[in-house]
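So you can see what is in the structure, the chains are spelled out below.
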Amino acid sequence: MLQDAVISEVNPINRPRQMPIFRLHRARTHAGSRSYLGACLVMVMVTFAARVLEATLPVGELTLVFMAGVVVVASFGGPGPSILASFAGFAAYNYFFTEPRFTFRVLQEADLVTLGLFLLASIVTGSLAARLRTRAMALRGSVERITILHEFAQQIARAPSSQAVAHAAVDHVTATMGVEVALFRTFADAVEKIAYSPALAVENEGIKEACGRTIASGEPVIVASNSAISPEWLILPVRAGEETLAALGIRSRAIERDDRRLLEAFASQLALAFERTDLTETLEAARLATETEKLRSALLSSVSHDLRTPLVSIIGAASTLAEGGDRYTEPMRQDLAETIREEGERLDRYVQNLLDMTRLSHGALRPRCVASDLLEIIGNARRRLRSNLAPYKIVLSLPDSMPLIDVDPILIEQLLVNVLDNAAKYAPDNSEILLSGHAESTWLKLAISDQGPGIPAQARSDVFEMFYRVTAGDTQRAGTGLGLAIARGIVDAHGGDIYVQATNPDESGTTIVFRLPIAGQGV
Ligand code: ADP
């Protein structure tokens, strides 16, 4: 049977609690044949009861006992079994209780009237009770449908993307209705099957083409089966206003009117969900495009400005040296050579940062951690920045017995260079730059504080974003907005964290705080 096959294919995890509607229909037809048998049984029992009660009740009133049996049958079996029960009751009463007994003949006119009235009353009562039962069942069916629809709406409302909506919808319809469904959408003018019941994995070009027609016209299509065994397809449009967003293909032998209405309600709910996710996805794509464009122009302007500034100094100093020859004294020549070296180093740091940034954005920054001495790393960073840091008073406040840290020393050196370079760029000459650290459980917490202008509280988390600079287009200090983004990338890659706070209570000064893992702690 088709239904059996479908039900067993559905993933049981996704199957909601209610009975599939198709199963309910089947249960009803089975109940039909059983209820005729039940009707006979009830009437046999009623006859026994009447035989027992015969001793205490006048014979005429025994018809009430039979009537009660008919009502019972009507309320569980419907109109057919209740009519059968009426006739069975009529026959049993005639056979057992009217004179001459144990024959179907009737001698007395009064008995004939009683029998006729019994039959009439029991048919009327039985059909009334049966109608009540049908109404109650219809009501139960529609409550069930509303519940299924409600659960469907809830499930697809939770789905975060169009693809997730499609899968949730297909799973739900397959499980609750016991039919096979496939959902089609158009992408770049091509119709694609985006979600389907497990049994529909194989491509069916005819159905795909029919779904394309439904999406184009917004009208439902029925694809008749081409063999006596295979079921037909109903293809419903998933419409939001004038636009058809998708086509819902349902494969089933027969779809009852109520079930079709439920499927149409599913399609309407689906349209709402697709409208929501499509909008979110369009907005997200637009946001990404803007972001990429912003990054691109920031990178271009940074490259043109920050590569050229040191180059201009280098070319200027080198030309002066080349052309001036003996006109310059030895200390002046020394000065020019020093400029070339410093600017060359600046260029080198900049290129290093660009490289690190590329590795960070590709997720390729993997630290090679070894037990390292922080003091040694600090020493290397200071050496690289010796001329930038020359005007500052560097103070170290570290525990006497400094634990080794489990880090990639080259990356941590770059991190310190970026942070110290900023301190040297923004803090006034002759001010103090303090490096203080202490162990905190399995971490070493290091803070680098300067006495510069500080970073406004509202920008303290943004400074870790790529290309973010507190004063946009600030040309006073050379910078790219990359230094702290890379610093965060490096700390993250070590599993630590990094943040900014003010150095002084009046909110002046910048302190960059970060944590790195202590070696041998299994972090
Ligand atoms: P930049 O190359 O511009 O210095 P960073 O990513 O290193 O890029 O820093 C981002 C922004 O944070 C800087 O443009 C600057 O405005 C601010 N900033 C960073 N460090 C300091 C500091 N020590 N003092 C003041 N402002 C700072």
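Every value quoted in this text rests on a predicted model; they were computed, and no experiment measured them.

With that out of the way, let us pick up the overall build of the protein. Counting its secondary structure elements, the protein contains 13 helices and twelve strands. Per-residue burial for the protein yields a buried fraction of 41% across its 523 residues. Summarising the internal contacts of the protein: among those between residues at least 6 apart in sequence, 65% fall at separations of at least 24. Looking at the protein as shown, the accessible area adds up to about 27600 Å², and 59% of this sits on carbon and sulfur atoms.

The subject of this paragraph is helix α6 (residues 162-177). With 16 residues, α6 should cover 22 Å at 1.5 Å per step; its first-to-last C-alpha distance of 22 Å lies within 8% of that length. Across the 16 residues that make up α6, a large majority, twelve, are buried. Within α6, the full set of buried residues consists of S162, V165, A166, A168, A169, V170, H172, V173, T174, A175, T176 and M177. Where α6 ends, the next residue or the one after it, G178, has phi of about 65°, a positive value.

Lining the immediate environment of the ligand, one finds 18 residues, of which N422, D450, R469, T480 and L484 sit closest. Here a nitrogen atom of the ligand sits 2.7 Å away from a polar atom, N or O, in the side chain of D450. Separating a nitrogen atom of the ligand from a side-chain N or O atom of T510 is a distance of 3.2 Å. In isolation the ligand offers 530 Å² of accessible surface; the protein chains occlude 95% of this area. The set of elements that each furnish at least two residues to the shell around the ligand consists of α12 (409-426) and α13 (483-493).

This brings us to the pattern of salt bridges. Applying the stated criterion to the full structure yields 19 salt bridges. A salt bridge links R101 to E54, with the shortest nitrogen-to-oxygen separation between them at 2.2 Å. In this pair, R101 sits in the loop between α4 (79-97) and α5 (109-158) while E54 sits in the loop between α2 (21-53) and α3 (62-77), placing the two residues 47 residues apart along the sequence. The shortest N-O distance in the salt bridge between R101 and E99 comes to 3.6 Å. Accessibility expressed as a relative area gives 37% for E99, which makes it partly exposed. Among the charged side chains, a network of salt bridges with common partners joins R51, E54, E99 and R101.

The next thing to look at is unusual backbone geometry. Here the bond from E99 into P100 is cis, since omega is -10°, no more than 30 degrees from zero. Of note, A188 is a non-glycine position whose phi angle comes to about 45°, a positive value. Take A188: it is sitting in the loop between β1 (180-187) and β2 (190-196). Phi at D189 takes a positive value of approximately 70°, unusual for a residue other than glycine. One can find D189 in the loop between β1 and β2. Exposure remark for D189: the relative accessible area of 81% places this residue in the exposed category.

Attention now goes to the packing of α4 against α5. In contact at an axis separation of 9 Å, α4 and α5 are set at 160° when each is read in the N-to-C sense. The orientation of α4 with respect to α5, classified from their angle, is roughly antiparallel. In this structure, α4 meets α5 at a crossing whose hand is right-handed. Here α4 contributes P79, S82, S86, F87, G89, F90, Y93 and N94 to the contact with α5, which in turn contributes T114, L115, F118, L119, S122, I123, G126, S127 and A130. The residue inventory of the contact of α4 with α5, partitioned by class, reads nine nonpolar, eight polar and no charged.

Attention now moves to the UniProt feature "transmembrane region" (unreviewed entry) in the protein. UniProt feature "transmembrane region" (unreviewed entry): in the numbering of this structure it lies at residues 35-53, 65-92 and 112-130. Taken end to end, residues 35-53 has its terminal C-alpha atoms 26 Å apart, with 100% of it in helix and 0% in strand. This span, residues 65-92, is 96% helix and 0% strand, and a straight line between its end C-alpha atoms measures 12 Å.

Within strand β4 (residues 232-240), seven of the nine residues are buried, which leaves it mostly tucked inside the rest of the structure. Two elements, strand β3 (residues 221-223) and β4, share three bridges in a ladder whose sense is antiparallel. Opposite I222, over in β4, you have L234 as the bridge partner. Hairpin connection of β4 to strand β5 (residues 243-252): two residues between the antiparallel strands, including G241 at a positive phi of 60°.

Definitions and limits used
Residues numbered from 1 in each chain as written. Predicted model: local features only at pLDDT ≥ 70, side-chain atom pairs only at ≥ 80, totals over all residues. Heavy atoms only, no water. Helix = DSSP H or I, 4+ residues; strand = E, 2+ residues; numbered from the N terminus. Buried < 20%, exposed > 50% of the residue type's maximum accessible area, 1.4 Å probe, protein only. Contact = heavy atoms within 4.5 Å. Areas by Shrake-Rupley, 256 points an atom, 1.4 Å probe, with all protein chains shown as cover. Expected span 1.5 Å × (residues − 1). Near = heavy atom within 4 Å. Polar contact = N/O pair within 3.5 Å; in protein donor to acceptor, adjacent residues only side chain to side chain. Salt bridge = Lys/Arg side-chain N within 4 Å of Asp/Glu carboxyl O. Axes fitted to C-alpha atoms, helices over the stretch in contact; angles between N-to-C directions. Parallel < 35°, antiparallel > 145°, perpendicular 65-115°, else oblique. Left-handed = near helix turned anticlockwise from the far one by under 90°. Nonpolar A, V, L, I, M, F, W, Y, C, P; charged D, E, K, R; others polar. UniProt positions renumbered as here; feature names shortened; annotations may be inferred. Pairing = 2+ DSSP bridges.

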